Amino acid sequence: MNAEDHTAPEPDDFLRELLDSTVDGVVRRTAARVPDRVAVRYADRAWTYAELDAAVSTAAAELRGHGLEDGDRAASYGHNSSRSGPGLSGV
């Protein structure tokens with residue numbers, strides 16, 4: 001989506017960007033373009049891209065604080081909840 005006119009990107013451009021990106025990168029770029037748009041709905045909770053970006057950044061910082069670095073593998077175990085998605089995206 002172009003910031004100036006809010007049109008969708010060409011499919012090839014979108015796919016190329018997506019394939020060359022991390023989840024964090026896609027969320028961050030989308031949050032910069034459309035921060036107030038709903039990114040995720042789960043049960044009765046909706047997260048905007050700005051909220052999701054902040055939650056992913058917080059989760060990533062927490063993991064780095066425990067010694068994880070780029071390229072490390074991490075696992076998650078827990079029940080589905082509205083808090084699961086941002087945490088997993090931070091991995």
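Everything numeric here is computed off the predicted structure, so don't read it as measured data.

Colleague: What is the right way to read the side chain of T48 from this model?
Modeller: One can find T48 in strand β2 (residues 45–48). At 3.5 Å, the side chain of T48 forms a polar contact with the backbone oxygen of P35. Contact partners of T48, with chain neighbours within four places excluded, come to P35, D36, R37, V38 and A39.

Colleague: What exactly am I supposed to notice about helix α3 (residues 49–65) here?
Modeller: The end-to-end C-alpha distance of α3, which contains 17 residues, comes to 24 Å, matching closely the 24 Å that a straight helix rising 1.5 Å per residue would cover. The set of residues buried in α3 consists of L52, D53, A55, V56 and A59. On an axial view of α3, the arc spanned by its buried residues comes to 170 degrees, and they lie on one face. Every exposed residue of α3 that faces more than 90 degrees away from the buried side is listed here: T58, E62 and G65. One or two steps after α3, the chain reaches G67, where phi turns positive at roughly 100 degrees.

Colleague: Can you help me understand the environment of L52 in this one?
Modeller: With respect to the secondary-structure elements, L52 resides in helix α3. Judged by relative accessible area, which is 7%, L52 ranks as buried. Between the C-alpha atoms of L52 and D24, which are 28 residues apart in sequence, the distance is 9.6 Å.

Colleague: Explain unusual backbone geometry to me, please; I cannot follow it from the model alone.
Modeller: Glycine aside, negative phi is the norm for most residues, and most peptide bonds take the trans geometry. A positive phi is found at A43, a non-glycine position, where the angle reads about 55 degrees. If you trace the backbone, A43 turns up in the loop between β1 (38–42) and β2. With relative accessibility at 72%, the residue A43 sits in the exposed group.

Colleague: Hey, could you run me through the packing of helix α2 (residues 23–33) against α3 in this one?
Modeller: For any two helices packed against each other, one specifies the inter-axial angle together with the distance between the axes. One can describe the packing of α2 onto α3 by two numbers: an axis separation of 8 Å at closest approach and a directional angle of 140 degrees. The angle between the axes of α2 and α3 places the two elements in the oblique class. Between α2 and α3 lies a crossing of left-handed hand. Residues D24, V27, R28, T30 and A31 of α2 pack against Y49, A50, L52, D53, V56 and S57 of α3. The residue makeup of the contact of α2 with α3, split by class, is six nonpolar, two polar and three charged.

Conventions and cut-offs
- Within each chain, residues carry numbers counting from 1 in the order of the written sequence.
- Only residues with pLDDT of at least 70 get local features here, since the model is predicted, and only at 80 or more are side-chain atom pairs given and counted; chain-wide, interface and lining totals rely on the full set of residues.
- Side-chain calculation: all heavy atoms of the structure are included, whereas hydrogens and water are not.
- Helix and strand definitions here come from DSSP, where helices need a minimum of 4 consecutive H or I residues and strands a minimum of 2 consecutive E residues; each element is numbered from the N-terminal end.
- Within 3.5 Å is the distance limit for a polar contact, defined as a pair of N or O atoms, with the added protein rule that one can donate a hydrogen and the other accept it, and that residues adjacent in sequence qualify only through two side-chain atoms.
- A contact between two residues is defined here by any heavy atoms of the two lying within 4.5 Å.
- What a helix should span is 1.5 Å times the count of its residues minus one.
- Per-residue accessibility, obtained with a 1.4 Å probe over protein chains only, is compared with the maximum for each type, and a residue is labelled buried under 20%, exposed over 50%, and partly exposed between these values.
- Along the arc lie the directions from the helix axis toward the C-beta atoms.
- Note on geometry: axes are C-alpha line fits, over the in-contact stretch for helices, and angles between N-to-C directions span 0 to 180 degrees.
- The cut-offs work like this: below 35 degrees is roughly parallel, past 145 is roughly antiparallel, 65 to 115 is roughly perpendicular, and the gaps in between are oblique.
- Helix crossings are classified by the rotation of the near helix relative to the far one: an anticlockwise turn of less than a right angle makes the crossing left-handed, while a clockwise turn makes it right-handed.
- When residue character is reported, Ala, Val, Leu, Ile, Met, Phe, Trp, Tyr, Cys and Pro are called nonpolar, Asp, Glu, Lys and Arg charged, and the others, Gly included, polar.

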